[in-house]
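# Descriptive analysis of the structure
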Amino acid sequence: MEIVSELLSGDRRALARLISMVENLEPGAKKALSELYSYTGNAHVIGITGPPGSGKSTVVDKLTLELLDEGKSVGIIAVDPTSPFTGGALLGDRVRMNEVSLDEDVFIRSMGTRGHLGGLATKTRDVIKILDAFGKDFILVETVGAGQSEVEVVKAAHTTIIVEVPGLGDDIQAIKAGILEIGDIFIVNKADRDGADNTARELDTMLGMNQEEKDWEPPILKTVAKEGKNIDELNDAISSHLSHLKETGGFEELKKKQIRDEFLDIVREKIYSYTMERTAEGKIDEIVENVMNSEIDPYSAAEDFLEPLEEDRKD
Ligand SMILES: Nc1nc2c(ncn2[C@@H]2O[C@H](COP(=O)(O)OP(=O)(O)OP(=O)(O)O)[C@@H](O)[C@H]2O)c(=O)[nH]1
Ligand SMILES: [Mg+2]
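In the predicted model, the protein chain carries a mean pLDDT of 86, and the fraction of residues at 70 or more is 82%. Considering only residues more than four positions removed or in separate chains, one finds that residues 83-90, a stretch of pLDDT under 50, has 22 contacts.

Encoded structure:
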């Protein structure tokens, strides 16, 4: 496809255009993704998540400056599951990244849910691939919160950074909600505020309680992102995590797991849309009615419903 060769030759307009095609599920998007897939796998993907206002975008901005200093090129994806529209409420993230947004070697894209949560992770994964094939060395994915969708989004990352702020308070529950498991690096940002040491200690205790023997001990760093303090330490921790993954075979394991997850998600979505297309509107209402009238049970109804697929498979 022409747009794919333009992308591979470094054309930023083709980059923006292809991302929109994927976001809007435009015809040709899947074909383009298939064509560029073999050009992916070079970028280091970093997920950054944490409570609203904890300083994620500021960390992304300062970390990007560090990476640019090393001559690296950076792609940034700001995912905000709460924003039903692309771009609107997400401006907040962009504003925080104003120092880097004009740099030639930086490309920033904001993504919202457009009213539905499902598929955000898949789209984010697709946009990561486009930025990877475009030649970005690092792809930073910022997502707010600690819910399931955020966990889904950062599952596409090689290194996941959890940003916390002093005074964990009711965040403890949020942390227990599985975020401890996915963190490779923990940051206590806003360390210029009181209580940062205490928060770092609490995190350390919880990690100590939570972690079964793991060969990577997630570091807990204190940063003042607003002033760019300790972002160099964060940058070092990120590269040590990547070398650790590569040296221990963890990188291959992670890639295999991510390919498996993605493959199963694609199959799931395909079967879902396939059956929906085939069984046209009204079919499900009819089934619900039949089950309501005890004419059939939902399991047998599902068997019957999927029969066309079985038929196709036999042909
Ligand atoms: N005191 C202090 N303020 C900070 C620090 N880092 C960021 N901030 C401020 O915290 C506020 C929120 O920062 P953001 O980077 O937008 O936070 P965020 O986590 O991206 O916010 P959302 O994307 O809305 O969830 C801004 O006013 C920042 O200037 C810090 O280290 N210390
Ligand atoms: Mg932000």
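Before going further, it helps to spend a moment on a nonpolar patch on the surface. Nonpolar side chains collect at one region of the surface, where Phe263, Leu264, Val267 and Ile271 lie side by side and expose about 340 Å² of accessible area between them. If you trace the backbone, Phe263 turns up in helix α12 (residues 250-278). You can call Phe263 exposed: its relative accessible area is 52%.

As a further point, take the packing of aromatic side chains. For any pair of aromatic rings, the description rests on two quantities: the centre-to-centre distance and the angle between the ring planes. Tallied over the full model, the rule gives 0 aromatic pairs. Sitting over the face of the ring of Phe251, Lys246 holds its NZ or CZ atom 4.6 Å from the ring centroid.

Bringing helix α4 (residues 56-69) into the picture now. Helix length check: α4 (14 residues) gives 20 Å between terminal C-alpha atoms against 20 Å at 1.5 Å per residue, within 8%. Along α4, 11 of the 14 residues are buried, which leaves the element largely enclosed by surrounding structure. In the segment just after α4, Gly71 is the residue with positive phi, at about 80°.

Here the focus is the packing of helix α11 (residues 231-248) against α12. Helix packing for two helices is described by the angle between their axes and how far apart those axes are. Closest axis-to-axis distance for the α11/α12 pair is 5 Å, and the angle between their directions is 90°. Relative to α12, the element α11 is oriented roughly perpendicular. Listed contacts from α12 to Leu242, Leu245, Lys246 and Thr248 of α11 are Gly250, Phe251 and Leu254. Class assignment for the residues of the contact of α11 with α12 results in 4 nonpolar, 2 polar and 1 charged.

If you check helix α2 (residues 12-23), its first and last C-alpha atoms are 17 Å apart, about what 12 residues at 1.5 Å a residue would give, namely 16 Å. Looking only at α2, the buried set comprises Ala14, Leu15, Leu18, Ile19, Ser20, Met21, Val22 and Glu23. Between the side-chain oxygen of the N-cap and the backbone nitrogen of Arg13 there are 2.8 Å, and the N-cap of α2 in question is Asp11.

What follows is about the pairing of strand β4 (residues 138-144). Taking burial as the measure, the 7 residues of β4 include 7 buried ones, the bulk of the element. Burial along β4 is two-sided: Phe138, Leu140, Glu142 and Val144 and Ile139, Val141 and Thr143, pointing in opposite directions, are all buried.

Within the chain, Leu25 stands out as a residue other than glycine whose phi angle is a positive 50°. In this fold, Leu25 is placed in the loop between α2 and α3 (29-36). One non-glycine residue, Lys190, adopts positive backbone phi at about 55°. By the element assignment, Lys190 lies in the loop between β6 (185-188) and α10 (196-210).

Under the criterion given, the structure shown has 13 salt bridges. The shortest N-O distance in the salt bridge between Glu23 and Arg109 comes to 3.0 Å. Note that Glu23 is positioned in helix α2 and Arg109 in strand β3 (residues 106-112), a separation of 86 residues in sequence. You can call Glu23 buried: its relative accessible area is 5%. Residue classification places Arg109 among the buried positions, given a relative accessible area of 14%. Residues joined in a network through salt bridges with shared partners are Lys30, Asp126, Lys129 and Glu262.

With 29 residues, the main nonpolar core has Leu7, Leu15, Leu18, Leu36, Ile77 and Ile130 as its most contacted residues. Listing elements by their share of this core, those giving two or more residues are α1 (2-8), α2, α3, β2 (74-80), β3, α7 (120-134) and β4. Grouped together as the second largest cluster of nonpolar side chains are 25 residues, Met97, Ile161, Ile185 and Ile187 included.

Criteria and thresholds
- Residues numbered from 1 in each chain as written.
- Chains lettered and ligands numbered in written order.
- Predicted model: local features only at pLDDT ≥ 70, side-chain atom pairs only at ≥ 80, totals over all residues.
- Heavy atoms only, no water.
- pLDDT = per-residue confidence, 0-100.
- Contact = heavy atoms within 4.5 Å.
- Patch = residues over 30% accessible without salt bridge, like charges linked within 9 Å, V, L, I, M, F, W, Y side chains within 5 Å.
- Areas by Shrake-Rupley, 256 points an atom, 1.4 Å probe, with all protein chains shown as cover.
- Salt bridge = Lys/Arg side-chain N within 4 Å of Asp/Glu carboxyl O.
- Helix = DSSP H or I, 4+ residues; strand = E, 2+ residues; numbered from the N terminus.
- Buried < 20%, exposed > 50% of the residue type's maximum accessible area, 1.4 Å probe, protein only.
- Phe/Tyr/Trp six-rings, centres within 6.5 Å; stacked < 30°, edge-to-face > 60°.
- Lys NZ or Arg CZ within 6 Å of the ring centre and 35° of its normal.
- Expected span 1.5 Å × (residues − 1).
- Axes fitted to C-alpha atoms, helices over the stretch in contact; angles between N-to-C directions.
- Parallel < 35°, antiparallel > 145°, perpendicular 65-115°, else oblique.
- Nonpolar A, V, L, I, M, F, W, Y, C, P; charged D, E, K, R; others polar.
- Polar contact = N/O pair within 3.5 Å; in protein donor to acceptor, adjacent residues only side chain to side chain.
- Core = buried A, V, L, I, M, F, W, Y, C linked by side-chain atoms within 4.5 Å.

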